[in-house]
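Architecture and fold: a report
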Amino acid sequence: MKRHLPDPEATDALAAELLRFLPADTAGWTLLLEGELGAGKSTFARALIASLGHDGPIPSPTYTLVEPYRLDDRSIYHVDLYRVSSEDELRFLGWHELEDGLRLVEWPDRAPGLSDAADLRIHLEYAGLARDAEITGLSPRGDALVKQWAASKPT
Ligand SMILES: Nc1ncnc2c1ncn2[C@@H]1O[C@H](COP(=O)(O)OP(=O)(O)OP(=O)(O)O)[C@@H](O)[C@H]1O
Ligand SMILES: [Mg+2]
């Protein structure tokens, strides 16, 4: 599924829209946020975390690697692998301890094996000053979500 995102607000709106299709229980879901420097990965992640009910700052996980959130009964892990150079480092990061939550992963290409265990890929790219997004299902439940989303009426 493709979307044109003319401005940052459109990126925010796309994240809020995704929330309508995610199940109430997102434990174990993994969302990959792909795109080059400045493509809007953090913008999307922040909008999703805010839409899930977080009120307050959403610091970048670039140095901490993981920023955890607990919202209602949901755990959310905002992960940034920019500084990670191998899949081994994911073990140090405690990747498997994040299984009880929704994992939002920036720079997933730093650990190529991740896409096998992920549900959705949000690929963002420059379109002049704007951005284009492509959303792909990577698992059966991710595919089902994208199909349902693509068939829905815009709000
Ligand atoms: N659809 C859009 N159109 C134009 N600008 C956008 C859009 N979405 C986000 N931006 C802007 O792009 C800039 C970079 O966004 P952001 O920090 O989210 O990118 P990133 O992919 O996380 O970057 P990094 O690779 O450094 O982590 C911000 O100024 C943001 O407002
Ligand atoms: Mg970022």
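Coordinates for the structure precede this section.
Let me sum up the structure you'll find in this document. Everything quoted here is computed from the prediction, not taken from an experiment. (Residues numbered from 1 in each chain as written. Chains lettered and ligands numbered in written order. Predicted model: local features only at pLDDT ≥ 70, side-chain atom pairs only at ≥ 80, totals over all residues. Heavy atoms only, no water.)

Regarding unusual backbone geometry
Phi is positive for Asp72, close to 55°, though the residue is something other than glycine. Inspection of the secondary structure assignment puts Asp72 in the loop between β3 (66-71) and β4 (74-80). With a phi angle near 55°, Trp107 is a residue other than glycine that sits in the positive phi range. Within the element layout of this structure, Trp107 appears in the loop between β5 (102-106) and β6 (120-127). Residue Trp107 is classed as buried on the basis of its relative accessible area, which comes to 11%. (Helix = DSSP H or I, 4+ residues; strand = E, 2+ residues; numbered from the N terminus. Buried < 20%, exposed > 50% of the residue type's maximum accessible area, 1.4 Å probe, protein only.)

Section: the packing of helix α1 (residues 8-19) against helix α2 (residues 41-51)
Interhelical geometry of α1 versus α2 gives an angle of 50° and a closest axis separation of 8 Å. Compared by their axis directions, α1 and α2 come out oblique. Crossing geometry of α1 relative to α2 is assigned as right-handed. The residues of α2 that touch α1, namely those facing Pro8, Thr11, Asp12, Leu14, Ala15, Ala16, Leu18 and Leu19, are Thr43, Phe44, Ala47, Leu48 and Ser51. (Axes fitted to C-alpha atoms, helices over the stretch in contact; angles between N-to-C directions. Parallel < 35°, antiparallel > 145°, perpendicular 65-115°, else oblique. Left-handed = near helix turned anticlockwise from the far one by under 90°. Contact = heavy atoms within 4.5 Å.)

Some details on the coordination of the magnesium ion (ligand 2)
Ideal values for angles at a metal depend on the geometry: 109.5 degrees with four tetrahedral donors, 90 or 180 degrees with six octahedral donors. Distances from the magnesium ion (ligand 2) to its protein donors, Ser42 (OG) and Glu106 (OE), fall at 2.1 to 2.4 Å. On the criterion of sequence distance, the pair formed by Ser42 in helix α2 and Glu106 in strand β5 is long-range, its members being 64 residues apart. (Donors = N, O, S within 2.8 Å, 3.2 Å for Na, K, Ca; no water.)

Some words on the pairing of strand β2 (residues 30-34)
Counting buried positions over the five residues of β2 gives five, a clear majority of the element. With burial as the criterion, each face of β2 is covered, one bearing Thr30, Leu32 and Glu34 and the other bearing Leu31 and Leu33. Where β2 and β5 come together, four bridges link them in parallel fashion. Its bridge partner being in β5, Thr30 is matched across the sheet by Arg103. In this structure, β2 lies alongside β6, joined through four bridges in parallel fashion. Residue Leu32 lies in a different strand from β6, and its bridge partner there is Arg121. (Pairing = 2+ DSSP bridges.)

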